[in-house]
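Single-letter residue listing:
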Amino acid sequence: MKFHEMDKRKLEKALNTDFTAGLKEVDAVKRRKQNGYNELEEGEKQSALLLFFSQFKDFMVLVLLAATLISGLLGEYIDAIAIIAIVIINAFLGFFQERKAEKSLQALKELSAPQASVLRDGQWVKVPSREIVVGDLLKFTSGDRIGADVRLIECSSLEIEESALTGESVPVQKYPDELTQGNLGIGDMENMAFMGTMVTRGSGVGVVVATGMKTAMGQIADLLQNAEVMETPLQRRLEQLGKILITGALLLTALVVIVGVIQGHDLYTMFLAGVSLAVAAIPEGLPAIVTVALSLGVQRMIKKNAIVRKLPAVETLGCASVICSDKTGTMTQNKMTVTHLWSGGHNWTVDGVGYEPKGSFYRGDNEIDISNEKALQQMLMFGLLCNHAELSKKDKEYVIDGDPTEGALLVAAMKAGYNRNSLLNQYKIVHEFPFDSARKMMTVVVKDQNGRQFIVTKGAPDVLINVSESILWDGKRQYLSSEMTDNVKGAINDLGSQALRTIAIGFKEVSSQTILMDEKEAEKDLTFIGLQGMIDPPRPEVKQAVKECKEAGIKTVMITGDHVITAKAIAGQLGILTKDSKVLDGNALNEMSVEELEEVVDHVSVFARVSPEHKLKIVKALQNNGHIVAMTGDGVNDAPAIKAADIGVAMGITGTDVAKEASALVLLDDNFATIKAAIKEGRNIYENIRKFIRYLLASNVGEILVMLFAMLLALPLPLVPIQILWVNLVTDGLPAMALGLDQPEDDVMKRNPRSPKEGVFARGLGWKVISRGFLIGIVTLIAFMVAYHNNPDHLAYAQTVAFATLVMAQLIHVFDCRSEKSVFSRNPFGNKYLVWAVLSSVALMFVVIYYPPLQPIFHTVSIAARDWLLIMGLSAVPTFLLAGSFLISKTK
Ligand code: ATP
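Residues numbered from 1 in each chain as written. Predicted model: local features only at pLDDT ≥ 70, side-chain atom pairs only at ≥ 80, totals over all residues. Heavy atoms only, no water.

Looking up the protein chain in an unreviewed UniProt entry gives the name Calcium-translocating P-type ATPase, SERCA-type, with the organism given as Cytobacillus spartinae. Recorded in UniProt for the protein chain, the comment headed Sequence similarities (unreviewed entry) runs: "Belongs to the cation transport ATPase (P-type) (TC 3.A.3) family. Type IIA subfamily." (UniProt positions renumbered as here; feature names shortened; annotations may be inferred.)

Right, here's the structure in full:
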């Protein structure tokens with residue numbers, strides 16, 4: 001017998017589990033040991049050894065190794081060994097950089113690993129999905145991805161989309177009853193749910209029948225492997241640029257060799273120098289350093305509660321020009337408390353602290369006895385009946401488990417002395433139509449002890465009033481005339497303008513024989529009872545974050561399902577709604593085409609009473625107007641908009657699996673301010689990448705030019721091959737990495753967003769690279785010529801002076817690279833990594849110059865103290881020239 005044919009008792013036995021208390025934790029651990037983790041096997045990973053050897057696959061490195069071999073055969077052992085040592089150290093550096101990049105990407109994947117609700121030792125607990133075992137009871141609701149193959153035992157309006165397995169994108173209805181047919185396809189097993197499929201509606205409980213590779217998904221897992229590694233636009237651009245740079249470097253190097261040979265240098269020396277120069281000048285390490293900078297940035301973002309799921313988002317973040325954010329929970333605290341109530345023209349207030357179910361009810365200033373207020377009682381009681389939230393006490397504090405809106409209604413009812421369990425003894429829930437944010441209502445069908453059947457609905461008041469035909473007024477049911485409707489609307493606006501979120505309660509009695517399976521049937525002709533208004537205070541840090549975004553040229557737009565008046569009040573408090581911005585509601589949006597929306601969207605800062613479907617329209621209109629849009633969301637229906645946005649943002653706490661999977665960024669704390677922090681980090685990462693590109697390329701240009709100029713002037717070689725390689729390894733590598741860790745400049749959030757079309761060398765970077773490279777080349781050449789002129793018989797001395805000048809000119813330049821302005825615009829020593837990197841490069845240079853055993857290897861000789869004046873003076877010239885020109889341009 002197959003699982004889908006079994007009844008509950010047989011299932012329980014076959015899987016050796018307990019449907020009321022679940023598995024015992026110890027048994028779950030045992031089963032996991034026996035059957036392994038619930039995960040799909042991953043494709044082959046590149047081994048460490050392979051990764052190491054891949055460092056040598058670069059063509060020029062191979063040529064260098066071949067050239068070294070030749071020089072070794074010709075008897076130049078020291079040179080050969082030194083060059084090979086440097087190449088190997090370089091390979092290790094590349095290896096570690098790539099390993100680090102890979103590891104941090106892996107860590108990211110683990111951080112966003114899915115969770116599941118399982119019943120263990122009688123308690124529902126959240127565990128990582130990989131810890132699910134056969135026999136576990138699994139609970140899921142709309143928006144969850146199913147963690148293993150389960151046989152359903154409870155379903156409430158459950159619908160699951162199984163396209164991952166069946167290709168059919170229309171969700172399938174699910175029922176818990178056993179099926180009689182033995183051989184069924186996946187699509188027909190309506191009492192089963194499969195790993196990787198997605199709950200689109202309702203909720204359910206099932207017992208796990210298969211995990212890991214034994215699931216239906218596991219059987220097609222091969223198809224799903226090799227998840228794509230995404231490159232960022234910058235990485236892609238650098239790859240293209242890399243080809244141009246390599247060609248350029250090779251051509252210039254060839255020119256150096258040709259001119260050198262024409263000027264009378266011997267071919268062998270020029271060849272080795274040329275190859276070393278090519279290896280040094282080709283920025284082969286650039287992509288790896290970029291990846292490391294990106295992934296280190298991603299780690300910094302994690303510390304600020306933002307998880308980047310798609311690496312390209314790091315870059316796009318820096319271009320964001322509009323943030324569309326949900327209100328509830330993202331801008332507000334989602335800690336709701338009912339404070340005001342209204343029914344039949346009467347107003348009440350209720351006091352209390354936090355979620356503690358203690359408080360008194362007042363009419364005006366007078367405390368009232370609730371037993372005299374029938375409408376109020378009924379409203380509170382129904383609010384508790386149509387409700388899933390639970391209240392518990394953790395560390396002496398009351399906490400809500402479930403939807404905070406329902407939590408507020410629960411606490412309000414408890415303050416009036418209601419208790420859910422005794423209420424459920426009076427009313428049995430026979431059916432439920434779950435809340436969804438498009439309908440904005442939730443309904444339960446209940447039967448009382450006398451067998452009378454009622455519909456109880458709660459939802460957005462302006463929606464509920466439209467499906468009501470009568471109203472409870474002074475204890476009597478009255479026809480809902482337009483005058484009455486206006487009364488209710490007045491009350492809704494009154495509560496809304498106090499920034500209160502309002503929920504209306506309605507009901508009707510239906511014949512006890514009626515079986516209601518259609519929500520449209522249930523949610524009509526209701527009797528409107530009244531309103532409960534709840535405060536949801538703004539998060540304190542949001543106002544400042546909105547202000548900073550504004551200064552950074554980023555507009556904040558509030559998108560909420562809440563009432564227009566409530567949304568307006570909160571947007572006003574947070575500085576989102578200003579004199580010249582507008583509010584648009586869902587009805588108006590329905591009437592507009594995307595083109596019509598485009599015309600007004602730039603002036604709208606609040607969208608209220610919208611459905612998740614509207615979000616896509618808003619994203620499109622903004623994008624068509626040239627904006628780079630960040631859009632938040634949490635539910636299943638938010639996924640299309642999250643995917644369409646340039647930066648899809650999902651909530652880490654309240655977000656569904658589906659929303660998270662669609663997103664590029666997950667907010668661990670659901671907080672708007674975290675988006676701002678991520679944007680700041682995104683801008684900084686991009687700037688840091690520009691900083692080290694500027695540094696590395698200017699250094700390379702300098703290295704090539706000093707050689708080229710010397711050849712053109714018929715001078716001897718100013719640098720020997722091993723010196724060039726050493727500069728490439730020590731002087732270039734460490735400081736460039738340190739630049740990747742630089743702090744943002746003060747004004748990083750005071751500039752407008754970068755255009756996503758901007759090239760790598762935009763904003764004058766190309767000119768900076770070439771001019772600085774030129775200057776570095778010139779000062780090195782001058783140092784060489786002066787030293788050579790002073791002592792023509794001692795070429796090694798002049799070469800050592802040139803070497804020291806090149807190193808120092810680069811190490812001074814690195815401080816310039818910290819700012820797009822001048823070196824003096826910020827504390828040059830503010831980046832301690834950079835200071836250490838530079839100090840160690842200087843120290844290593846001294847070792848190479850003054851430590852006798854190394855001198856023959858690096859062809860160096862000790863430099864006299866007075867020549868250091870020459871070296872230091874010359875290497876500082878470019879920085880002073882730059883600072884000077886900056887000052888002149890400022891005073892103009
Ligand atoms: P945001 O999009 O900013 O998160 P929101 O949470 O108010 O806004 P929804 O959750 O879509 O958006 O809620 C829309 C409206 O539906 C609310 O204003 C409220 O009136 C009503 N509502 C919210 N939660 C429930 C619920 N659990 N049951 C019934 N009605 C609800």
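(A) Looking closely at the site of the ligand. By nearness alone, 20 residues border the ligand, and Lys327, Thr328, Asp403, Ser437 and Arg501 come closest of all. In this structure, a nitrogen atom belonging to the ligand sits 3.0 Å away from a side-chain N or O atom of Lys458. Contacts to the ligand include Arg501, whose side-chain N or O atom sits 2.5 Å from an oxygen atom. Across the complex, the protein chains shield 91% of the 610 Å² of accessible surface that the ligand would expose by itself. (Near = heavy atom within 4 Å. Polar contact = N/O pair within 3.5 Å; in protein donor to acceptor, adjacent residues only side chain to side chain. Areas by Shrake-Rupley, 256 points an atom, 1.4 Å probe, with all protein chains shown as cover.)

(B) Structural view of the domain arrangement of the protein chain. One can read the domain layout of the protein chain as domain 1 (3–42 + 108–226), domain 2 (48–101), domain 3 (286–301 + 680–891), domain 4 (306–332 + 540–670) and domain 5 (345–535). On a C-alpha basis, the centres of domain 3 and domain 5 stand 70 Å from each other. (Domains from an automatic or database assignment.)

(C) The pairing of strand β15 (residues 397–401), seen in detail. Here strand β14 (residues 390–394) runs beside β15; their pairing, made up of 5 bridges, is antiparallel. The residue of β15 that forms the bridge with Ser392 is Val399. In this antiparallel pair of consecutive strands, β14 and β15, the connection spans 2 residues, and Asp395 shows a positive phi of 50°. (Pairing = 2+ DSSP bridges. Helix = DSSP H or I, 4+ residues; strand = E, 2+ residues; numbered from the N terminus.)

(D) Layout of the environment of Gly873. Looking at the element boundaries, Gly873 is found in helix α32 (residues 865–891). Owing to a relative accessible area of 39%, Gly873 belongs among the partly exposed residues under this scheme. On a C-alpha basis, the gap between Gly873 and Glu432 in space is 82 Å, while along the polypeptide they are 441 residues apart. (Buried < 20%, exposed > 50% of the residue type's maximum accessible area, 1.4 Å probe, protein only.)

(E) Spotlight on helix α19 (residues 542–551). Looking only at α19, the buried set comprises Val542, Ala545, Val546, Glu548 and Cys549. The arc enclosing the buried residues of α19, seen along the axis, measures out at 165°, which places them on a common side. Among the structural elements, β9 (322–326), β23 (555–559), α20 (564–574) and α26 (672–712) are those in contact with the buried residues of α19. Phi for Gly553, located one or two positions after α19, is positive at around 75°. (Arc of directions from axis to C-beta. Contact = heavy atoms within 4.5 Å.)

(F) Fine view of the side chain of Gln453. Summarising the element assignment, Gln453 is placed in strand β18 (residues 453–459). In this structure the side chain of Gln453 is engaged in a polar contact, spanning 3.1 Å, whose partner is the backbone oxygen of Ser511. Within polar-contact distance, the side chain of Gln453 engages the backbone oxygen of Thr514 at 2.9 Å. Beyond its immediate chain neighbours, meaning those up to four positions away, Gln453 contacts Val430, Val445, Val446, Lys447, Lys508, Glu509, Val510, Ser511, Ser512 and Thr514.

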